[in-house]
Every structure is written in structure tokens, then in C-alpha cells.
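# What the coordinates show
Take a look at the letters that make up each chain.
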Amino acid sequence: MKTLRNLAVLGTILASSSAFAQYTDGLIKIGVMNDMSGTYSDLSGQGSVIAARMAVEDFGAVAKGMKVEIVGADHQNKPDVGSNVVRTWIDRDQVDVVVDVPTSSVALAVSEIARDKNKVFLVSGAGASDLTGAKCSPNTIHWTYDTWALGNGTGAALVKAGSNTWFFLTADYAFGHALERDTAAVVEKNGGKVLGRVRHPFPGTDFSSFLLQAQASKAKIIGLANAGSDTINSIKQASEFGIVSSGQNLAALLAFITDVHALGLQTAQGLIMTEAWYWDLNDANREFAKKFAPQNRGVHPTMVHAGVYSAVTHYLKAVHELKSEADGKAVVAKMKSMPTDDKLFGKGEIRADGRKIHPMYLFEVKKPSESKAPWDYYKLRATIPADQAFRPLKDGGCPLVGG
Amino acid sequence: MFEIFGIPSQALFGQLLLGLINGSFYALLSLGLAVIFGMLNIINFAHGAQYMMGAFVAYFLLSSAGLNYWVALIVAPLAIGAFGVLIERVLLKWIYRLDHLYGLLLTFGLALIIEGVFRNYFGSSGLPYRVPELLQGGQNLGFMFLPNYRAWVVVFSLIVCLTTWFVIERTKLGSYLRAATENPALVRAFGINVPRMITLTYGFGVALAALAGVMAAPIYNVSPQMGAHLIIVVFAVVVIGGMGSIMGAIVTGFGLGLIEGLTKVFFPEASNTVIFIIMAIVLLIRPAGLFGRST
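Residues numbered from 1 in each chain as written. Chains lettered and ligands numbered in written order. Predicted model: local features only at pLDDT ≥ 70, side-chain atom pairs only at ≥ 80, totals over all residues.

Looking only at helices and strands, one finds 14 helices and 15 strands in chain A. The C-alpha radius of gyration computed for chain A amounts to 22 Å, which stays within 12% of the reference 22 Å derived for 403 residues, consistent with globular compactness. Structurally, chain A occupies a C-alpha span of about 85 × 50 × 35 Å along its principal axes. The proportion of buried residues among the 403 residues of chain A is 59%. Taking the intrachain contacts of chain A between residues at least 6 apart in sequence as the baseline, contacts between residues at least 24 apart amount to 73%. (Helix = DSSP H or I, 4+ residues; strand = E, 2+ residues; numbered from the N terminus. Rg over C-alpha atoms; globule rule 2.2 N^0.38 Å. Buried ≥ 20, exposed ≤ 12 C-beta atoms within 10 Å, placed from the backbone. Contact = placed C-beta atoms within 7 Å.)

As C-alpha cells, this is what we get:
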């Protein structure tokens, strides 16, 4: 009997070690890099690490014989810092996949490194549509949203509702430029006109000067092509200078639920924004938020967190199928060949250019009287179906797209 | 209406006024730094964190005790000033004899710790704070809409700045302070408690930062990194004005606010760097700063 049990134990050890042996160094290492201390740390930050961990748990990696480790790092929104972290991760720490990376200037740099070193890069936090356009890579998948989708959602909806003259207040770096360019294109395509733009340093504190320039343009819509505390400060100060009460409207082209929370509904009410995910949209999302929030100081998940969860889930599926994470290109190719399906984003697909396709949602921020609980902030205005939510494949100019 | 370099004069006046408003924050913060440096010879890098704490105290008073902005304007500087006194007694008093660098490193470390703790508990997105009811709305000046609150900021910070200057440069108390800086042993020989005076001076400088924080809460995002964004600019202001010069800090604060305001119209992309360009030029021509006395 004792011998039998020993044999069984030995058998289990052998079985599990052979399962591990199929992965290059016996370990799948996920590196979550984002802004852990600055303006984007609430919308990504530690929450993305939590989301990645939840994805690994829900996937049942251990039961499937996969050993997964998650590491996190702060890139401080600086491309040089981010590049150094990723190089160290790949060269020294054997990190197989880099996830999240808000701040497009950093994401574009990381995308190049991942391609050079043949690792996988799953973007959730960054927005620049160039990641799947001219600068696309066979090692990069852009998961949650992009500047084209944001401009398309909010821009088209507002122009069609009659707000046909625009002035842009743009954060002066890759993301802001991309968001301004993509939204301006949508505005003009729908018959609107762009009256002007001003580019502010990133990150900024006082926007009143830029807002006054926007006011002088007499445009019906002031498009905020910025994010995080820049957007919060712009909206706060626009309300102070009576810009909205004098007839102009603000379009927050990229705002997250954490921004709305920071503004308070009194100031944020009526804002229209495009997002890929909202925690109160269905039961699965609510259940995720209920598990997530207590681990993240009560802060509810943003679409970036949900995107990290969804991307890591799909990555693990592909690696499990391939039984290897060594060849980054092969993993990404596998991810593209399999339809995506997870509890937060539902069914979807990944295009040849690396763009993950799913519906986008147009939300309006509730009035204080309509909100029943903390974090109950959005009303759904429209759903943009998956086939219309993202830039058509042929328009991106991605060299990976044949023909 | 006429034009200046292709910019309508109306827009230009508006921008100048906004520059003056931003300048009043620079002035208020650099004043505190100048007082602390002038009297204690400490480069107080924790000034930004103390400014941020002032704003957070205002938020807490409103959200948990229901005490409004006006109460915060008095309570926050007192509370954070007391915190400053504690720091001075526990930490700073040991390093006066050492090089400036030690004070700078110590306060820089403090700033990182304070900001880290706040970020840990409150996140980075910030917290909402409304403009006090009495000061909501604004005036149409013809060339721009001036929110009442911003007008209040300019007037109030001017009053605070000039009062501080007057107390230090023109009163008996101020003369004790200045004398204690020059020759502490001699002043002590006259029966004046120099260490306590220095402690209270640090507390006062910190209170000025907290006061600026309360004033900033309704218009800037109340977040842990709000001070870090501002402190570098404010240091440049102090360097340009001349380290330790009270009037220098006030005049340069307002002046650089104006220059920055103009840059935002003519070349917005450079508005973050213009102050540092001026700092470089000033340091080349007058290393002691515009109002500084070279030693």
C-alpha cells in the first residue's frame, strides 16, 4: 500500500514536471508595466496587476499545469524608463509578455523592443491607433480601445447631433496628436469643421489659458484630446470659466470612470464619452467589479483593467494550445487565429494588423439625482457594433496587411 | 479693437490676467520657500507636498466634518504649520550646521514619502472640491469672463504676500528674525529664544504652502501629485528671484506668471519650459538672482 502511494506521488511529480518542461524555462512570466505613481495610476496602475492575477486564477493555470508569474513595474510615463524596464525584463528576468502600458509614447517604444526580441506585447492602456497602423508589429496586439475608435464614437455622435464646429485642446505627445488627428478626420468626414487647435504641455496644471483660446474660436465643441488629470483639470476649469453655460460643449475624447469619480457628478454630468467596457453593463461585469474593487481600495475597474484581464486570458489560451511561449510571433499568430471569448468582452476576434475587435459604447454621465450608488455613473446612449467600432483594416496602412 | 502680433488685444488682456492668477500661486509658494531659505538656510523640497496636504485638509474638512472653504483657509495652514513645526523639531534642527545639500535631500525624501502615503490611500485621480458658494459665478470684463474665485485668489495672495514682506522687512519681530539669521549667538545673548523663533518660522513657511493648497483646491485637481507638478517651477521662480529674497520671490512669482501666460498664446508648446529658459539666462547674467545679494 505504501509502495503504491509512493509510486502515485512519483507519477504525479513526473507528470507535472513533464508538463512544465514544455514551456521554455518552466515559467510563463507576465510583466504588467504602467504608470504606478502618476496621473494614469488609477486607471491602470496596481489595478492592472490585480486584473492580470484574476485572469490567471480564473483561467485555472495551475490546474492546467502552467506555472505563471506576474511582475509589475512603473514606467513613470517616460519612454526611456519604460524601454529600460522592458529590456531588463526580457534580457535578465525572462519575461515573456508585456501587458498594459498606457502612455502611447512608451507603448510605441515597447512595441519596437518586443518585435526585436520576439516577445509578446498586449496593449490595454495606450491609445494611439498607430500601434495597429503604420507602426503595427507581428508581436503586438492592441486590445481595449484606440484613438480612432474614440474619435469615431464620440466625434460622429456629436457631429450627427448638430455640433459641427470643433476646437481641439491637445496633450502635446504621441497619444494627444493621434487622438486629435483621428477625431478631426471623423468630424470632417461627417460634414463638420475643425476651427483650430492648441497643444498643451503634458502633464499640465492650468488650462484656463487654453480654454480661453478655445472659447474665442466660437466652436460648438471643445474636444479634449488628453487624458487623466489633464482631462479632469480641463473640465473643472471649463466649468469655472462658464464655458459650458455660455453655450459651448466639452467632449472628453478619452475619459475613464476614475476621472468621473474624481470630478464628481456635479461637474461631470452630461459629458459624453466612448468606452470599451463599463462595470455596470451586465451581470458578468458586475461580478468582476465586486471581486476587483475590494482589492483595489474600492476603486472600480476601468476598461483598461478589464482589457488586461481579457488579453491575459486569451494569451494563456494560446500558450496552452501551443504548449510553448518561446516564440512571440507564433503566440501572437495563434492568438489571431483563435476567436476571443471571455466573460468581460464576450466573443470577438483579432485582426491581421493586431487590432482586437469588439463593440464600443457611447455613454453619458448621469446627473447626481440619477446616480443611486457610488460608481453608478454612466447611462448607455448607443452601442457601436464591432464591425463599425474600429478603423477599417485597409485604412490603417499596416504593412502586415497583404493586398 | 487692435491686434498685437496677430493676436486680438482682447485675448491678450485675458491671457495676461490669467498669467497674473497663476503667478499668484507661484508667488505664494515661492514666498514660503524664500522665508524658509532666508531664515533657516534650508531648501525645503517638501514644500510641494505640504501644499498638497493643505488641499487635502480642505477636502477632509468639507467631506467629513462639513466645514467649508473659509474654515479650511484658517484651519489647514494651522494644522499643516503644526506638522511643519514637528518636522523642524524632530528632523531639521539637526542639520542646520551641515551643507544645504543635506537639507535638500532630507526634505526631498520627506516629500516622496508624504506623496507616496497619500497616493496609497487616495489614488492618483484626485478628489472633487467645489468653489465656495460665495465666490461662484463671475464677471464679464468685456475682454474675458473672470470667475469671481480667481479674482479672489489674486487679491488675497497679494495681501498675504505684502503682509509677509512687511512683517519681515519692516517690523521689530522681522528685524529679530533677520538678525538671528546673521548672527544667532549674538541675538541669543540679548535674551531672545532663537531656536523657537526658527521653529516658528519654518512652521509659518509651511503654513503658507498649505494656504496656497487650500486656495488651489477649488480650481486644480486635488491629487497627491499636485504639488510635484508645481514645485519645480516654483523653485525656478525662487532661483530667478534670488534665493532667500522675500520681495524677489513675490515680484518674480507674479512676473513669471505673466510671461508664462504670454507664452501660452504665442507658442503654447513651450509654456512649460519658458521659465527654465529664463532661469538659465538669469543664472548666466546674475548668478545671485534678480533680487539676490551676492555673498
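Let us now look at the overall build of chain B. Scanning chain B from N- to C-terminus turns up eleven helices and four strands. Since a compact globule built from 295 residues should have a radius of gyration of about 19 Å, the 19 Å found for chain B is in line with a globular shape. Principal-axis analysis of the C-alpha atoms places the extent of chain B at approximately 65 × 50 × 35 Å. For chain B, the proportion of contacts with a sequence separation of at least 24, taken over those separated by at least 6, is 76%.

Residues and elements named next belong to chain A. In space, the three strands of this open sheet follow the order β11-β12-β13, with antiparallel pairing throughout. Edge positions in the sheet fall to β11 (340-342) and β13 (356-357), since each of these pairs with one other strand and no more. Sheet topology places β11 next to strand β12 (residues 346-350); three bridges connect them, and they run antiparallel. When the bridges of β12 are listed, aspartate 341 appears paired with lysine 347. (Pairing = 2+ DSSP bridges.)

Moving on, we come to the sheet that holds strand β10 (residues 272-275) of chain A. Residue and element names in this part refer to chain A. If you walk across this open sheet you meet the three strands as β10-β14-β15, and the pairing is antiparallel. Each of the sheet's edge strands pairs with one partner strand only, and the pair in question is β10 and β15 (378-384). Direction aside, the axes of adjacent strands within the sheet are offset by 30° on average. As paired strands, strand β14 (residues 360-365) and β15 are joined by six bridges and run antiparallel to one another. When the bridges of β15 are listed, valine 365 appears paired with tyrosine 378. This element, helix α5 (residues 147-160), spans β10, β14 and β15 of the sheet and lies at about 145° to β10. (Axes fitted to C-alpha atoms, helices over the stretch in contact; angles between N-to-C directions.)

Backbone phi values are negative for most residues with the exception of glycine, while trans is the configuration of most peptide bonds. All names here are of chain A. Phenylalanine 202 connects to proline 203 through a cis peptide bond whose omega is -10°. Backbone geometry places glutamine 94, a non-glycine residue, at a positive phi of 55°. Positionally, glutamine 94 belongs in the loop between α3 (79-91) and β3 (97-100). Phi angles above zero are rare outside glycine, and arginine 297 is one such case at about 55°. Here arginine 297 shows up in the loop between α11 (283-292) and α12 (303-322).

At the interface, 32 residues of chain B touch 36 residues of chain A. Mapped onto the side of chain B that touches chain A, the elements with two or more residues apiece are α1 (9-40), β4 (145-147), α9 (226-241) and α10 (246-266) of chain B. Ranked by the residues each element gives to the side of chain B that touches chain A, the list is headed by α1(B), at five residues. Of the residues in the side of chain B that touches chain A, the class split is 13 nonpolar, 15 polar and four charged. (Nonpolar A, V, L, I, M, F, W, Y, C, P; charged D, E, K, R; others polar.)

We now examine the nonpolar core. General note: in soluble globular proteins, nonpolar side chains tend to be found buried as a group. Judged by nonpolar contacts, the single largest core of 220 residues is most densely connected at Val312(A), Ala58(B) and Ala210(B). Those residues within four positions of Ala210(B) in sequence are excluded, and the remaining contacts are Gln50(B), Tyr51(B), Met53(B), Gly54(B), Val57(B), Ala76(B), Pro77(B), Ile80(B) and Gly81(B). (Core = buried A, V, L, I, M, F, W, Y, C linked by C-beta atoms within 7 Å.)

On to the pairing of strand β7 (residues 193-200) of chain A, then. All names here are of chain A. Relative to β7, strand β6 (residues 165-171) runs parallel, the two being bridged by seven bridges. Each bridged residue has a counterpart across the sheet, and for tryptophan 166 the counterpart in β7 is valine 194. As for the winding sense of the linkage, the β-α-β connection from β6 through helix α6 (residues 174-189) to β7 is right-handed. (Right-handed = clockwise from strand over helix to strand, strands pointing away.)

The next point concerns the environment of Ala306(A). Residue and element names in this part refer to chain A. In this structure, alanine 306 sits in helix α12. On the basis of neighbour counts, which here come to 27 C-beta atoms within 10 Å, the residue alanine 306 falls in the buried class. In this structure, the C-alpha to C-alpha distance between alanine 306 and tyrosine 278, residues 28 residues apart in sequence, is 8.8 Å. Apart from residues lying up to four places away in sequence, alanine 306 is in contact with Trp277, Pro301 and Leu344.

Mean pLDDT over chain A: 91, with 94% of residues reaching 70 or higher. This stretch, residues 1-21 of chain A, has a pLDDT under 50; its non-local contacts, to residues over four places away or in other chains, come to six contacts. (pLDDT = per-residue confidence, 0-100.)

Time to look at helix α13 (residues 328-337) of chain A. All names here are of chain A. Looking at α13, one finds that the buried residues are Gly328, Val331, Val332, Met335 and Lys336. Within α13, the buried residues cover an arc of 140° as seen down the axis, which keeps them to one side. Buried residues along α13 sit against α4 (104-116), β4 (120-123), β5 (140-142), α12 and β12. (Arc of directions from axis to C-beta.)

Before going further, it helps to examine the packing of helix α5 (residues 148-170) of chain B against α10(B). Residues and elements named next belong to chain B. Interhelical geometry of α5 versus α10 gives an angle of 165° and a closest axis separation of 9 Å. Comparing the axis directions of α5 and α10 gives the class roughly antiparallel. Handedness of the α5/α10 crossing: left-handed. Along the contact surface, α5 presents Cys161, Thr164, Trp165, Ile168 and Glu169, while α10 presents Ile246, Met247 and Ile250. Within the contact of α5 with α10, the residues separate by chemical class into six nonpolar, one polar and one charged. (Parallel < 35°, antiparallel > 145°, perpendicular 65-115°, else oblique. Left-handed = near helix turned anticlockwise from the far one by under 90°.)

Looking now at the packing of α12(A) against α13(A). Helix-helix packing is described using two parameters, namely the angle between the two axes and the distance between the axes. Residues and elements named next belong to chain A. One way to put it is that α12 packs onto α13 with a least axis distance of 9 Å and a crossing angle of 110°. When the axes of α12 and α13 are compared, the pair comes out roughly perpendicular. Contacts from His314, Tyr315, Ala318, Val319, Glu321 and Leu322 in α12 reach Ala330, Val331, Lys334 and Met335 in α13. Considered class by class, the residues forming the contact of α12 with α13 number seven nonpolar, one polar and two charged.

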